[in-house]
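What follows is each chain in one-letter form.
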Amino acid sequence: MLVAAAQFTSEPGSVDANARRMAAYVREAAGRGARVTVFAELALTGYELELLTPGSSLLVTPGDPRLEPVLAACRETATAAVINCAARSADGGERPTIASFVFGPDGGLLTRYDKQHLYEQEREVFTPGAGDGRFELDGVRFALATCFDNHFPEVAERAAEDKCRAYLASSLYWRGNGERERLAVYPSRARDHGLYVVLANHVGPAGPNDGCGLSAVWGPDGTVLAEAAPGEAGLVLADVPMP
């Protein structure tokens, strides 16, 4: 099964524009044979924490009509998409979450995952999630994680114990230290737990950061199977063999 990670520069605070961009990437990835496309952390709005406070109009739910371009692309291509966004809390809490909505080939919601480990200033805006994200597609079991989650080995360990084959990470790493962290973390998660690890990263301005791109896929032995360019928007694809 081919999986794709998309990297692009989000338009700050524009759910509509970014949803249309994501829909285009879903179609492009499907045209190249991908069955699922993964997007970076908060790609739907950009990493604009000051805009994502409780009550913001930029917060979404799985049924938000602004997501329809992505759902339509999933239906048209019969593929899945992992959309990371600022979401209204599923339990009605005041604070939002950083969520991954996974939409399936029929445009329906396969699962929702809320980021468990919030990073620095995120703790002032969001509430952490409490459960792990899982879904299946074409007989392959997937795990979900978001950026700082990946710095906690137990997240990937639970995925392996839960018989997941692929681990999909929506993240934001920036030039310099972020590039080094990326190389230290993701190959280890793959190698230590026997997982295919897919990283979707920002490229270019992302709030106060400058995303380094370099979205990639690592095999279970920790080797890079595919890697995107450091400064260009686009897709990276790699094969995750069926179990």
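Up top is the structure.
Residues numbered from 1 in each chain as written. Predicted model: local features only at pLDDT ≥ 70, side-chain atom pairs only at ≥ 80, totals over all residues. Heavy atoms only, no water.

One pair of aromatic rings is described through two measures. These are the centre distance and the angle between the planes. Taken as a whole and judged by the stated rule, the model has 8 aromatic pairs. A centroid spacing of 4.8 Å and a plane angle of 10° characterise the contact between F135 and F142, whose relative ring orientation is stacked. Across the pair, exposure class does not vary: F135 and F142 are buried alike. Judged by centre distance (5.2 Å) and plane angle (85°), the ring pair of F148 and F152 falls under edge-to-face. With a relative accessible area of 25%, F152 lands in the partly exposed category. (Phe/Tyr/Trp six-rings, centres within 6.5 Å; stacked < 30°, edge-to-face > 60°. Buried < 20%, exposed > 50% of the residue type's maximum accessible area, 1.4 Å probe, protein only.)

With that settled, consider the nonpolar core. Residues M22, F39, L44, F101 and F126 are the most contacted members of the largest nonpolar core, which totals 43 residues. Among the elements of the structure, β1 (2–7), α1 (15–31), α2 (68–77), β3 (80–87), β4 (97–103) and β14 (234–239) are those that each provide at least two residues to this core. Of the residues forming this core, the biggest block, 7 residues, is contributed by α1. (Core = buried A, V, L, I, M, F, W, Y, C linked by side-chain atoms within 4.5 Å. Helix = DSSP H or I, 4+ residues; strand = E, 2+ residues; numbered from the N terminus.)

Right, let's get into the pairing of strand β5 (residues 109–114). Two strands pair when backbone bridges link them, and β4 and β5 are joined in this way by 5 bridges, in the antiparallel orientation. Of the residues in β5, the one forming a bridge with F103 is L109. Hairpin connection between β4 and β5: a loop of 5 residues separates the two successive antiparallel strands, and G107 in this loop has a positive phi of roughly 85°. (Pairing = 2+ DSSP bridges.)

One open sheet holds the 6 strands; their spatial order is β5-β4-β3-β2-β1-β14, and the pairing between them is mixed. The sheet is open, and its two edges are formed by β5 and β14, each paired on a single side. Neighbour-to-neighbour, the strand axes of this sheet turn through a mean angle of 20°, independent of strand direction. Lying on the sheet, α2 is in contact with β3 and β4; it crosses β3 at an angle near 165°. (Axes fitted to C-alpha atoms, helices over the stretch in contact; angles between N-to-C directions. Contact = heavy atoms within 4.5 Å.)

Note that all results are geometric; they support no functional claim without further evidence.
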